[in-house]
Amino acid sequence: SVLAQPLAAAGYTGGSPNEAPSALVADLPALSAAQAGAFFGAAAEVAPALAEACMADPRQCWHLFHFGTSALSAAEPADLFERAARLLCAVGEEAVCADSVAAQSLLVDWGLPRLLPLLRATAAHQLPLLAVMYAWTADSPDAHMATIKALQEALADQATFVRALTGLVTLEAEFSD
């Protein structure tokens, strides 16, 4: 799995290398904040390698989003939620640098389906989740519009979409005329 290296670097020994990401998600509530923080820190350091793996094999991207959103679901306190979201952002930013069109496609195909349930359920954590979406999207008005349209279609819930739109406005660096 794409996450085996950062798990080993953080000293996590649960499960086999292929089972370790799922084992970590199951163990996350029992880990100390320091242990979980060590994993997210180690994973963020290898974000370029994680992005490369995701770009080379979409199944690795599915693993990353599956793990990341599962960790987000289990992450308490809020600091761990922020660290998990930052990890997904760091990988997304690296993916966009490599190929912004492919990165956005991976977001739509693999990321949005995993992020939407969290977006619907956790209004308090809306901004970090929306930041993950934009991290996998080129920083341009056209790319952001495409992501917003994909979000609207995937949500199929106008109230949640409007709430998300208000958060996305705060993440916009600039508006076009």
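Everything quoted here is computed from the prediction, not taken from an experiment.

1. Concerning the pattern of salt bridges
According to the stated counting rule, one finds 1 salt bridge in the structure shown. Of the charged contacts, one joins Asp 57 and Arg 59 as a salt bridge, the two residues approaching to 2.9 Å between their closest N and O atoms. On the basis of relative accessibility, which here comes to 59%, the residue Arg 59 falls in the exposed class.

2. Some thoughts on the packing of aromatic side chains
Within the structure shown, the criterion is met by 1 aromatic pair. Relative to Trp 136, the ring of Phe 65 has its centre 5.0 Å away and its plane inclined at 45°; by these criteria the two rings are tilted. Remark: Trp 136 occurs in the loop between helix H8 (126-135) and helix H9 (141-155) and Phe 65 occurs in helix H5 (residues 58-74); sequence separation between them is 71 residues. Under the relative-accessibility criterion, Trp 136 is labelled buried at 0%.

3. Focus: unusual backbone geometry
Positioned with a positive phi, Ala 156 is a non-glycine residue whose angle comes to about 50°. Judged by relative accessible area, Ala 156 falls into the exposed class, the value being 70%.

4. With respect to the environment of Val 162
Tracing the chain through its elements places Val 162 in helix H10 (residues 158-171). When the C-alpha atoms of Val 162 and Gln 152 are compared, they prove to be 9.0 Å apart, with 10 residues separating the residues in sequence.

5. Focus on H5
For H5, spanning 17 residues, the distance from its first C-alpha to its last is 24 Å, which sits close to the expected 24 Å at 1.5 Å a residue. Turning to H5, its buried residues are Gln 60, Cys 61, Leu 64, Phe 65, Phe 67, Gly 68, Thr 69, Ser 70, Ala 71 and Leu 72.

6. Structural notes on the side chain of Ser 70
Mapped onto the fold, Ser 70 is located in helix H5. A residue is classified by how much of its surface remains accessible, and Ser 70, at 14% relative accessible area, is buried. For Ser 70, the side chain forms a polar contact with the side chain of Arg 114, separated by 3.4 Å.

7. Describing the side chain of Thr 137
Within the fold, Thr 137 resides in the loop between H8 and H9. Not counting chain neighbours up to four residues away, the residues in contact with Thr 137 comprise Val 96, Gln 104, Leu 107, Ala 143, His 144 and Thr 147.

8. Notes on the confidence of the model for the protein
The pLDDT averaged across the protein works out to 82; a share of 80% of its residues lies at or above 70. At the level of individual helices and strands, the protein shows its lowest average pLDDT in helix H1 (residues 4-9), which scores 66, and its highest in helix H7 (residues 100-121), which scores 93.

9. Things to note about the nonpolar core
Where a protein is soluble and globular, its nonpolar side chains tend to be buried together. Counting 46 residues, the largest nonpolar core has Leu 72, Val 91, Val 132, Trp 136 and Leu 151 as the members making the most contacts within it. Elements with a contribution of two residues or more to this core: helix H3 (33-45), helix H4 (47-56), H5, helix H6 (78-98), H7, H8, H9 and H10. In terms of residue count, the dominant contributor to this core is H6 (10 residues). Contacts of Leu 151, omitting those with residues within four sequence positions, involve Leu 112, Leu 116, Leu 119, Leu 130, Met 133, Phe 161, Ala 164 and Leu 168.

Rules used throughout
Along every chain, residues carry numbers that run from 1 in the direction the sequence is written. The predicted origin of the model limits local features to residues at a pLDDT of at least 70 and limits the giving and counting of side-chain atom pairs to 80 or more, whereas totals for whole chains, interfaces and linings rest on all residues. Water and hydrogen atoms play no part in the side-chain values, which are based on all heavy atoms of the structure. Salt bridges are defined as contacts in which a side-chain nitrogen from Lys or Arg sits within 4 Å of a carboxyl oxygen from Asp or Glu. Burial status follows relative accessibility: with a 1.4 Å probe on protein chains alone, a residue under 20% of its type maximum counts as buried, one over 50% as exposed, and anything between as partly exposed. Classification of ring pairs uses Phe, Tyr and Trp, with its six-membered ring standing for Trp, and accepts pairs whose centres are within 6.5 Å; under 30 degrees between planes counts as stacked, over 60 as edge-to-face, and the remaining range as tilted. Going along the chain from the N terminus, every DSSP run of H or I of four or more residues is numbered as a helix, and every run of E of two or more is numbered as a strand. In a helix, the anticipated span is given by 1.5 Å times the number of residues less one. We call two N or O atoms a polar contact when they sit within 3.5 Å, provided that within protein one can donate a hydrogen and the other can accept it, with sequence-adjacent residues counted only if both atoms are side-chain atoms. What makes two residues a contact is simply this: any of their non-hydrogen atoms within 4.5 Å. The predictor reports its confidence for every residue as pLDDT, a score running from 0 up to 100. In these notes, a set of buried Ala, Val, Leu, Ile, Met, Phe, Trp, Tyr and Cys residues joined through side-chain atoms within 4.5 Å is what counts as a nonpolar core.

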